[in-house]
Amino acid sequence: MSDRHDTDAAAPGGLALVIIDMISRWDFPDAEHLLPHARRVATEIAALAQACRDRGVPVIYANDNRGRWRSDFHALLDAALAEDGPGAEITRLMRPHDDDYFVLKPKHSIFHGTPMPFLLQHLQVQRLVLAGVSSDQCVLMSVSDARMRELDPIVPADCSASQGEARHEVLLQQLRETWKVEAPPTWRVLFEDTPPSPSPPTRQEPSND
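Since the structure is predicted, the reported quantities are computational estimates derived from the model, not experimental observations.

1. Some points on the overall build of the chain
Move 1: Across its full length, the chain carries six helices and six strands.
Move 2: The N-to-C order of helical and strand elements in the chain reads β-α-β-α-α-β-α-β-α-β-β-α.
Move 3: In the chain, the proportion of contacts linking residues at least 24 apart, taken out of those at least 6 apart, comes to 81%.
Move 4: Accessible area of the chain: about 11000 Å², with a carbon and sulfur share of 51%.

2. Digging into the pairing of strand 1 (residues 15-20)
Move 1: Burial analysis of strand 1 places six of its six residues in the buried class, the great majority of the element.
Move 2: Residues L15, L17 and I19 line one face of strand 1 and the alternating positions A16, V18 and I20 line the opposite face, and both faces are buried.
Move 3: Where strand 1 and strand 4 (residues 127-133) come together, six bridges link them in parallel fashion. For L15, the partnering residue across the bridge sits in strand 4 and is R127.
Move 4: Bridge analysis of strand 1 against strand 2 (residues 59-64) gives four bridges, and the strand direction is parallel. Bridge pairing links I19 to Y61 in strand 2.
Move 5: Once you follow strand 1 into helix 1 (residues 31-54) and on to strand 2, the crossover reads as right-handed.

3. Some remarks on the packing of aromatic side chains
Move 1: The full count for this structure, using the stated rule, is one aromatic pair.
Move 2: Each ring, one from W26 and one from F28, has its centre 5.8 Å from the other, and the planes form 40°; the classification is tilted. Each member of the pair, W26 together with F28, is buried.

4. Thoughts on the pattern of salt bridges
Move 1: As enumerated under the stated definition, the model contains eight salt bridges in all.
Move 2: R188 is the salt-bridge partner of E44, the closest N and O atoms lying 2.9 Å from each other. A residue pair is termed long-range when its members are at least 10 positions apart, and E44 in helix 1 and R188 in the segment after helix 6 (165-177) qualify at 144 residues.
Move 3: Linking R127 and D152 is a salt bridge whose minimum nitrogen-to-oxygen distance equals 3.9 Å. Here the residue R127 occupies a position in strand 4, and D152 occupies one in strand 5 (residues 152-154), the gap between them amounting to 25 residues.
Move 4: You can call R127 partly exposed: its relative accessible area is 30%.
Move 5: You can call D152 partly exposed: its relative accessible area is 28%.
Move 6: A cluster of three or more residues bridged by salt bridges with shared partners is formed by R127, R147 and D152.

5. Regarding the environment of S142
Move 1: Within the secondary structure, S142 sits in helix 5 (residues 135-148).
Move 2: With a relative accessible area of 0%, S142 lands in the buried category.
Move 3: Between the C-alpha atoms of S142 and F111, which are 31 residues apart in sequence, the distance is 6.9 Å.
Move 4: Apart from the residues within four sequence positions on either side, S142 is in contact with I20, H108, S109, I110, F111 and L130.

6. Describing the packing of helix 5 against helix 6
In a pair of packed helices, the angle between the axes and the distance between the axes together describe the arrangement.
Move 1: Their axes nearest at 10 Å, the elements helix 5 and helix 6 cross at an angle of 15°. If you check the angle between helix 5 and helix 6, you find them roughly parallel. As helix 5 packs across helix 6, the resulting crossing turns out to be right-handed. Here S135, D136, Q137, L140 and V143 of helix 5 come into contact with helix 6, specifically with R167, H168, L171, Q174 and L175.

7. What about helix 3 (residues 86-94)?
Move 1: Where helix 3 is concerned, the buried positions are G87, A88, I90, T91 and M94. The buried residues of helix 3 occupy an angular sector of 155° when the element is viewed end-on, so they sit on one face.
Move 2: At its buried positions, helix 3 is contacted by strand 1, helix 1, strand 2 and helix 2 (73-82).

8. Examining helix 6
Move 1: Along its 13 residues, helix 6 runs 18 Å from first to last C-alpha, staying within 8% of the 18 Å computed at 1.5 Å per residue.
Move 2: Of all the residues in helix 6, the buried ones are H168, L171, L172 and L175. Looking straight down helix 6, one finds its buried side chains confined to an arc of 100°; they lie on one side. Exposed side chains of helix 6 directed beyond 90 degrees from the buried face belong to A166 and V170.
Move 3: Among the structural elements, helix 5 and strand 6 (160-161) are those in contact with the buried residues of helix 6.

Reading guide: rules and limits
- Residues numbered from 1 in each chain as written.
- Predicted model: local features only at pLDDT ≥ 70, side-chain atom pairs only at ≥ 80, totals over all residues.
- Heavy atoms only, no water.
- Helix = DSSP H or I, 4+ residues; strand = E, 2+ residues; numbered from the N terminus.
- Contact = heavy atoms within 4.5 Å.
- Areas by Shrake-Rupley, 256 points an atom, 1.4 Å probe, with all protein chains shown as cover.
- Buried < 20%, exposed > 50% of the residue type's maximum accessible area, 1.4 Å probe, protein only.
- Pairing = 2+ DSSP bridges.
- Right-handed = clockwise from strand over helix to strand, strands pointing away.
- Phe/Tyr/Trp six-rings, centres within 6.5 Å; stacked < 30°, edge-to-face > 60°.
- Salt bridge = Lys/Arg side-chain N within 4 Å of Asp/Glu carboxyl O.
- Axes fitted to C-alpha atoms, helices over the stretch in contact; angles between N-to-C directions.
- Parallel < 35°, antiparallel > 145°, perpendicular 65-115°, else oblique.
- Left-handed = near helix turned anticlockwise from the far one by under 90°.
- Arc of directions from axis to C-beta.
- Expected span 1.5 Å × (residues − 1).

Just geometry here; none of it tells us what the structure is for.
In structure tokens:
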């Protein structure tokens, strides 16, 4: 991934996507229960990320460092890709692009002990689309912290997962009824009226005629 430096632009519509804990070695307690559900939503999250990129919306990866304080995101990505099975499959599907951002977090929330507030301020973000795992832990804690920072979080129902469908449904109901957070049944409603940014014109080679 390249360093964009001064090429960063304000987020269109003040919107950014944060993908939580999907780049992983899946070596933590209860991972075997969460992994099948994460694999189920990975394709939808990857499609959402590409839809954001197509519209110039920043894509940010926020991952737990799992107590590995000498590690960084590149090391985490390499380790995740080296794993066998569905974990590596998810990582290949979710692999960041050069213009994406990344933040390592020590705890559940994407804000706690991380530079996330400064990054969002730099990108002039006010609305956050939160995706990833687990929905009733790290995603929920991030929603709470986003609200305290007067940001507007959105959690597409098909782009997050917990250790079971019942737990995930309880979380979605809590988001909608208690937190008054949008949790649409599909991420596609976010962009139904927003076409992708036009591609740059293809350079035409001069004719020999």
